[in-house]
Amino acid sequence: MTTTDPVANLAALIRCPSVTPAEGGALSLLDTLLSPLGFQVDRMVASEAGTPDVENLYARLGTEGPHLMFAGHTDVVPVGDEAAWSHPPFSAEIAGGEMYGRGAVDMKGGIACFVAAIARHIEKHGKPQGSVSFLITGDEEGPSINGTSKLLEWAAARGETWDACVVGEPTNPGQLGDMIKIGRRGSLSGRITVHGVQGHAAYPHLADNPIRGLLQLTHALMHPPFDHGTDDFQPSNLEVTTVDTGNAATNVIPARATAAFNIRFNDTWTAESLRAEIIRRLDAAAAEGELRPDRAPVKYEIVWADRPSHVFLTRNNALISSLSGAVEAVTGKEPKLSTTGGTSDARFIKDYCPVVEFGLVGQTMHMVDERVAVADLETLTRIYETFIERWFAHADGK
């Protein structure tokens, strides 16, 4: 197959059923695409107790700096109800100018386009005056334990260093060229348990309803606002995501109640300072007793989720201006520089080099009938190709 054709690249990738954590043939396909271009391709399997093994891929072209990394994932989410799809989810069928398939935009499409872009660059100009690498995981849509973070550690232990990275996630909300992600909010989750005394609903004086205390605590977590945003980020926002007592009886006061929460936070906070603020709010609310007259302070426990995602902002001018300029040159649009949305594997990469994200339009990601406009594949390839030329024009990549 011709690696300069992003449509053919994507069709072949979609036909690999690489639902997390299955490799599904996707990394083998990338090996066959990249090796003829001169890339040294390595595949490593990451393991951790209690999680499935995951195969990952690292490929590098060149040995000198500056060194540009493209990062992404070939794993995809499950297809859901396959009968609900207009076209089989792993068929890569084209209809009405769109290619259908799981992973079309999230994010096999971005990978297909970057492969085509570097192949075209080599065809026209020869190998870059520096190095290009692909860091591709099979564990982005899953627990993200045996994926990018371990692949980066593995590569760094071999002496790999990078000057900049583009992650090919679908960053554009409406049209190609709308948005480049230059940072991400942090994410912190926890679960609160309030203990009470179980009893009959008709005899509340003999029981102690933990739901009353839990309402008190969750209200304190959501009010007042944690902040009002910064120049680069939206206001931090906490949402209570589950409330549970494990009690199916309507005439029984439960013995305990739990609530889970998640907060997406800006650079006003670190994960550590945010934990301290949450504990301060909970302790103050527990002592008030507004919903629990003549009762002792609310008794609660909190368990924090592992691996919080830390907030970051990229300020590397060569990377941002090269990509912004490429987008504008190809599409005529000046992309918005944004930190909105959820987390991505860029949260791991930012500890190794400056990183931004730019890919396809993400309107159908994770949906039934995920699909991409065929014309957008060519446009994104041209953007990536222009970006590669512009970035390497900065001799030191800084």
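One structure accompanies this document, and this report is about it. (Residues numbered from 1 in each chain as written. Predicted model: local features only at pLDDT ≥ 70, side-chain atom pairs only at ≥ 80, totals over all residues. Heavy atoms only, no water.)

## Some details on helix α4 (residues 148-157)
Where α4 is concerned, the buried positions are T148, S149, K150, L151, L152 and A155. For α4, the elements touching its buried residues are β1 (40-48), β2 (51-61), β3 (67-73), β6 (131-137) and α8 (346-349). Positive backbone phi, approximately 100°, marks G159, located one or two places after α4. (Buried < 20%, exposed > 50% of the residue type's maximum accessible area, 1.4 Å probe, protein only. Helix = DSSP H or I, 4+ residues; strand = E, 2+ residues; numbered from the N terminus. Contact = heavy atoms within 4.5 Å.)

## Structural notes on the sheet that holds strand β15 (residues 299-304)
Across the sheet, which stays open at both edges, the 4 strands sit in the order β12-β14-β10-β15 with antiparallel pairing between neighbours. In the strand order of this sheet, the two ends are held by β12 (237-244) and β15, each with one partner. Adjacent strand axes in the sheet meet at a mean angle of 25°, parallel and antiparallel pairs treated alike. When strand β10 (residues 186-195) meets strand β14 (residues 256-265), the two strands line up antiparallel, connected through 10 bridges. Opposite R191, over in β14, you have A260 as the bridge partner. Sheet contacts for helix α6 (residues 271-288): β10, β12, β14 and β15; angle to β15, the most-contacted strand, approximately 165°. (Pairing = 2+ DSSP bridges. Axes fitted to C-alpha atoms, helices over the stretch in contact; angles between N-to-C directions.)

## Some details on the nonpolar core
Ranked by size, the top nonpolar core spans 60 residues in total, and within it L30, F39, F134, F358, Y384 and F387 carry the most contacts. Ranked by residues supplied to this core, first place goes to helix α3 (residues 108-125) with 9 residues. A259, I263, I278 and L282 belong to the second-largest nonpolar core, a separate cluster that totals 25 residues. (Core = buried A, V, L, I, M, F, W, Y, C linked by side-chain atoms within 4.5 Å.)

## Points about helix α1 (residues 6-14)
What sets the pattern is the α-helix's 3.6 residues per turn: residues three or four places apart point alike. Extensive coverage of α1 is indicated by the burial of 7 of its 9 residues. Residues P6, N9, L10, A11, A12, L13 and I14 constitute the buried set of α1. Two to three positions downstream of the cap, the backbone nitrogen of V7 sits 3.1 Å from a side-chain oxygen, assigning the N-cap of α1 to D5. (Polar contact = N/O pair within 3.5 Å; in protein donor to acceptor, adjacent residues only side chain to side chain.)

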